[in-house]
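What follows is the residue order along each chain.
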Amino acid sequence: MTPTEETALRTPAARDETLQAESLAPLLALVPEVKLMVGLATAALIVCALYFGREILMPLALAFFLGFVLEPFVSRLKHWGLPRTASVFVVVAVALALIGGAGFFLTNQVSALSAELPTYQNNIRSKLANLRADAGKPGMFDGVLKTFDTFKSEVDKAPPTAGEAAPKGSAAAPPPQRVQLEDRAPSPFQQAIGWLEAGSGPLAKAGIVLVFVVLILLDTLDLRDRLLRLWGGTLHRSTDAMDEAGRRIGKYLTMQLVVNLSYGVPMALGLWFIGVPGAILWGAVAAVMRFVPYVGPMISAVFPVALAFAVDPGWSMVLWTVGLIVALEMVVNNVIEPWLYGASTGLSAMSLMVSATFWTTLWGPVGLIMSTPLTVCLLVIGRHLPRLRFLDVLLGSQPALDTPTRIYQRLLADNVEEAIDLASEQAESGGVTAFYNEVGLPVLRMASSDHAAVATAEHRHRVVSGMDALIDDLVEQHPAGETGARGLPASVVCIGGKWEVDTLAAKMLAHALSSEGQQAEFRPANVVSAEYIARLDLAGAQTVCLSYFSAQPQAQARHFCRRLRRRWPDVRIVLALWNAPPELAGEDACKAIGADAVATSISEAVIRVSDLAGVNLSEGYLPAAVPEADAERLKALQASGALDARAQMLFDSAAKRAADVFDVPMAMISLVDEDRQRVRGAFGSLSQQGAMQPDDMDMPRSVSLCGHVVANAQTLVIPDIGRDLRFAGNPALKEKGLHFYAGAPLRDAAGHLLGTLCLFDVEPRMLSQREVKLLEAMAADVMEGLRTEVLSWGGPVPAPLHVGSEPSAIVGQLVPSGA
């Protein structure tokens, strides 16, 4: 049936719908352009509103900013029992008193310096005279400049016209006299009126800001509720956005204050040591001016340098002052600020510069001071509103592309050298196997997904050839060890299933196996025929790994396995299904295809090959290390009260709350003593090969996961223990059938790690960054509750733990967090 006949057989309603859809198609194609134009017009309107409404918006924004700074002090007074209204007026009064006192002190300093300045006039005149004399001396370019001036003056001379020529014998006209008009000196009353007019504007704005600050502090909770209502969406997202904005701005202000003090205090001490008058004044000015980004430090440096120029008859004081300022700028900008700031704001350096320029253009100096907090608010809005996600991309400090996408893009652009540099950096920091797992396979997955959709033949060639060169470079940088494949027959052969990406994955797997001590090599993909099978030359091979990126590889894999079984019936076959659905990873699907094992990642393939080869991975398992200061930690554990039986109720309650919040079958509080991990509070149980109770988690410290948390002093998250090379061979964990583990350290007030608050599951799972921080916060709450409990007991805390001699460190290495 032709398309015309098919259209004729449709109902009239169906024909009308088809015609309507065809007529709307051109309009629908214009929707992206219309959205872009509407977005640009909206942005232009917002910018115009910010500019023309600055007289109202600037005081309001400044009041919100000051209210945010003062709110913690109001909350503290309210927590102490003072009513909120009284707390607000006390905090505002103290702030005004501090500002007035600082202004009075600085005014006195300025007055004292003003009185001393006339005594330095001789020095200033002498230095200026010397500078003029030096400037008047002939230089190396004086001859050239004089020649140029002579030539220019000759060119600029205009010949007199005939009408302008003076008659002979007539006297020259006298030159015109110069008349200058001077205004009458204003009276004192007029001067006072002028000062009032000049100061009325700033004073009025300051009064408006003060009123707004008081109102904001009085109605903070109501304003927060109204902002939540205006935000819309779910309360979870709105609350998270406000909390994140407050946390980032608060951390920025705290770090900025610390940086300013670390700059202003050494400045004052250094100027006092050099002998510059008013050293405390200039140190305070330097500390305050650093709140003004970029230009503030330059402005504050002018005053002490100028004063040093006036005070000292020579140049030594000026040079020492300039050297002090340059040294402080170098230390603060390159050491203290990167160390303290970190990711406090989450803004990139470029976005900070652009935001400072943008807000200064709109609001002047006030906009420059508030540029960072305002831009942080925009960043948070973009992070939590999907329609404004572009703000997070433009302003955020996080990479816009993750590492696999960056490498994939470099390969598409034929920039192989940069892709190799990125890969080498990742492999150096995390290891070759981890790189192939977390970066290499995702790159090939993207290439496989784009193969028939958007990639051209040139793109496919660039990715394949570039990835091949990248793997070769990694093989050269990280060759196989003494136990790797060096002239010995390969016991493991990795073969590409069908496509080039399958061959590249097989090549990565062979390198990873060689790095883990296996004798491995790879074979390229080809048409599976009798001739190809004969050319494989698998003599001496015990295991064959077949690599497939296809989402439905059953038919090809079954055919390949059947051919291999006919020729080499004793060989073990591992299917590496990098892109297959979860149902193909089961045991039944594996047997149906004809393989002995299935793996979905590089590390899991290493584990499966080792199991089939009879290699005991536990021999390569590194036990939890013992920190150097473990004796002090054990004493802190003994004195903490955590070992007292009265703390078990607190620990059980905390474990139950953690299990409910994170929806896991079991959570527990474990304490790590000299040689064992001991469960002190728990909730739930695990059902895997029979019910397992929390008491079953008491185990030697060397094989416990909580021992790694104590050794590394950081949270540890393992999504799937059975697929993690660091822990898959652990006999204690293997026996219990655990898959998921997350443990946050329990720290006392002195920073000693006593144990962990940990989560368990028999199914693999992940924790987000926010969930990891929540687990750490709950661990901190447990320790705070323990301190409160110990204070309520009174009397000495029993110490059942006997601390012997300082234990020796177990041979091993620290295991990084898997979060």
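Above this text you will find the structure in question.
Residues numbered from 1 in each chain as written. Predicted model: local features only at pLDDT ≥ 70, side-chain atom pairs only at ≥ 80, totals over all residues. Heavy atoms only, no water.

A few points about unusual backbone geometry
It is generally the case that most residues other than glycine have a negative phi and that most peptide bonds are trans. Even without being glycine, D414 reaches a positive phi, approximately 65 degrees. Looking at where D414 falls in the secondary structure, it is placed in the loop between α18 (403–412) and α19 (416–430). Exposure remark for D414: the relative accessible area of 45% places this residue in the partly exposed category. Phi at D663 is positive, roughly 55 degrees, even though this residue is not glycine. Tracing the chain through its elements places D663 in the loop between α28 (648–662) and β6 (666–672). For D663, a relative accessible area of 63% gives the class exposed. (Helix = DSSP H or I, 4+ residues; strand = E, 2+ residues; numbered from the N terminus. Buried < 20%, exposed > 50% of the residue type's maximum accessible area, 1.4 Å probe, protein only.)

Quick look at a nonpolar patch on the surface
A cluster of nonpolar side chains, contributed by Y294, V295, M298, I299, V302, F303 and M353, occupies part of the molecular surface with about 640 Å² of accessible area. Ranked by the residues each element gives to the nonpolar patch, the list is headed by helix α12 (residues 295–311), at five residues. Positionally, M353 belongs in helix α14 (residues 349–363). (Patch = residues over 30% accessible without salt bridge, like charges linked within 9 Å, V, L, I, M, F, W, Y side chains within 5 Å. Areas by Shrake-Rupley, 256 points an atom, 1.4 Å probe, with all protein chains shown as cover. Salt bridge = Lys/Arg side-chain N within 4 Å of Asp/Glu carboxyl O.)

Details of the nonpolar core
In this structure, I407, F435, Y436, M467 and L470 are the most contacted members of the largest nonpolar core, which totals 45 residues. Sorting elements by how many residues they give to this core places helix α22 (residues 500–515) first, with nine residues. If we skip the residues at most four places from it in the chain, F435 touches I407, A423, Q426, A427, G440, L470 and L474. By size, the runner-up hydrophobic cluster in this structure holds 32 residues, among which are A659, F740, A744 and V790. (Core = buried A, V, L, I, M, F, W, Y, C linked by side-chain atoms within 4.5 Å. Contact = heavy atoms within 4.5 Å.)

Regarding the pairing of strand β1 (residues 492–496)
Counting buried residues in β1 gives five out of five residues, a clear majority hidden from the surface. Alternating positions in β1 separate into two faces, V492, C494 and G496 on one and V493 and I495 on the other, with burial throughout. Here β1 runs beside strand β2 (residues 520–523); their pairing, made up of four bridges, is parallel. Opposite V493, over in β2, you have E521 as the bridge partner. Pairing analysis gives five bridges linking β1 to strand β3 (residues 543–548), with the strands arranged parallel. (Pairing = 2+ DSSP bridges.)

Looking at the sheet that holds strand β7 (residues 676–684)
With antiparallel pairing, the six strands of this open sheet are ordered in space as β10-β7-β6-β13-β12-β11. Every other strand in the sheet has two partners, leaving β10 (699–700) and β11 (716–718) as the edge strands with one partner each. Relative to strand β13 (residues 753–761), strand β12 (residues 740–747) runs antiparallel, the two sharing eight bridges. In the sheet register, L746 faces β13, and the bridge partner there is G755. Relative to the sheet, helix α31 (residues 769–793) contacts β6, β11, β12 and β13, its axis offset from that of β12 by approximately 40 degrees. (Axes fitted to C-alpha atoms, helices over the stretch in contact; angles between N-to-C directions.)

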